[in-house]
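Structural characterization, general
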Amino acid sequence: MGDRLTLPEWNALASQPDDTVPLLETALLIARDEYPDLDPDLYDTLVQSHAEHLRHEIATIEPWPLKMAAINRHLFDELGYTGNHDEYYDPRNSYLNEVFERRLGNPVSLAMVQMEVARRLGVPLDGVSFPGHFLVRLPVDDGLLVMDPFNGGRPLGVDELRERAKPHLGGDIPDDAALLHILNPASHRAILVRTLRNLHGVYAEREEWDRAARSADRVLKLTPDQPDALRDRGLAYLKMDYRTGAQRDLARYLHLSPDAKDAAELREQLIELNAARTSRMH
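Residues numbered from 1 in each chain as written. Predicted model: local features only at pLDDT ≥ 70, side-chain atom pairs only at ≥ 80, totals over all residues. Heavy atoms only, no water.

1. Side note on the UniProt feature "domain: Protein SirB1 N-terminal" (unreviewed entry) in the chain
Per the UniProt record, the feature "domain: Protein SirB1 N-terminal" (unreviewed entry) sits at residues 47–197. Segment residues 47–197 splits into 49% helix and 15% strand. End C-alpha atoms: 25 Å apart. (UniProt positions renumbered as here; feature names shortened; annotations may be inferred. Helix = DSSP H or I, 4+ residues; strand = E, 2+ residues; numbered from the N terminus.)

Structural data, given as structure tokens:
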């Protein structure tokens, strides 16, 4: 038997350098909030079995793109991992245990499956925090192979990438330098934060404020004092009538982002909170 997969401690992650934050383990740690009985070993073993199934074939193939094509064929065609187009905002698409069980996910979670399997086979696949949909990238001789994990790992050409980025850049088409910058590899921390922000968005939309607060709280475990997460947790606390927490978070947010678009509105909210607190104390 190999070593059991140990999940990190939430309070240890903030001080860890980006390149040592473990991807699979922390993604399963996020899932354990919702699924406390989750067995991390089960999913580690599953990823390993996906990789082992391919190991001999991958060893006989030379260039990275052909290795990657074999990995994609196994994951998406044979095993049936696919983007959940019908229920894109189902929170299960963000919890890696559910993604492994249901073979359904969103762009970030499917990228994590792809990356874990590829890396165990020595293929240096990275995530890309592309605006809109998360993507993956592989270095090739003449540049980068960029793929869409939400759509079966389909390779994307430069023109399509420019078009996809355009709406997120105020309608401007990115030049080569801007596009390359957008295609920088995402750190594990950035990938995990994106997962949590997706969860926060889903739960806020559903008005499940305890889960929305938890998702923002977990972002702050990875990136303390992240302004948006402080605001999101503060507003969720407000909905839960946890006024002390809301006050603390919103005050900290305004201290860090005094010129934010919503600063004036949130200052009003804080004044009301303080007034209510004062009147309760008299």
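2. Topic: the packing of helix α8 (residues 188–205) against helix α9 (residues 209–222)
At a minimum axis distance of 8 Å, the contact between α8 and α9 shows a crossing angle of 165°. Viewed along their axes, α8 and α9 adopt a mutual orientation that is roughly antiparallel. For the crossing formed where α8 meets α9, the hand is left-handed. Residues R189, L192, V193, L196, R197, L199, H200, Y203 and A204 of α8 pack against W209, R211, A212, R214, S215, A216, R218, V219 and L222 of α9. Split by residue class, the contact of α8 with α9 holds eleven nonpolar, two polar and five charged. (Axes fitted to C-alpha atoms, helices over the stretch in contact; angles between N-to-C directions. Parallel < 35°, antiparallel > 145°, perpendicular 65-115°, else oblique. Left-handed = near helix turned anticlockwise from the far one by under 90°. Contact = heavy atoms within 4.5 Å. Nonpolar A, V, L, I, M, F, W, Y, C, P; charged D, E, K, R; others polar.)

3. Brief notes about the packing of aromatic side chains
Scanning the model with the defined rule gives five aromatic pairs in all. Ring geometry for Y43 versus F100: centroids 5.8 Å apart, planes at 15°, classification stacked. Taken together, the positions of Y43 in helix α2 (residues 40–59) and F100 in helix α4 (residues 96–102) put the pair 57 residues apart, joining distant regions of the chain. Considered together, Y43 and F100 belong to a single accessibility category, that of buried residues. With a centroid separation of 5.1 Å and an interplanar angle of 80°, the aromatic rings of Y88 and Y89 are classed as edge-to-face. Here the aromatic cluster, defined as three or more aromatic residues joined through ring pairs, consists of Y88, Y89 and F150. (Phe/Tyr/Trp six-rings, centres within 6.5 Å; stacked < 30°, edge-to-face > 60°. Buried < 20%, exposed > 50% of the residue type's maximum accessible area, 1.4 Å probe, protein only.)

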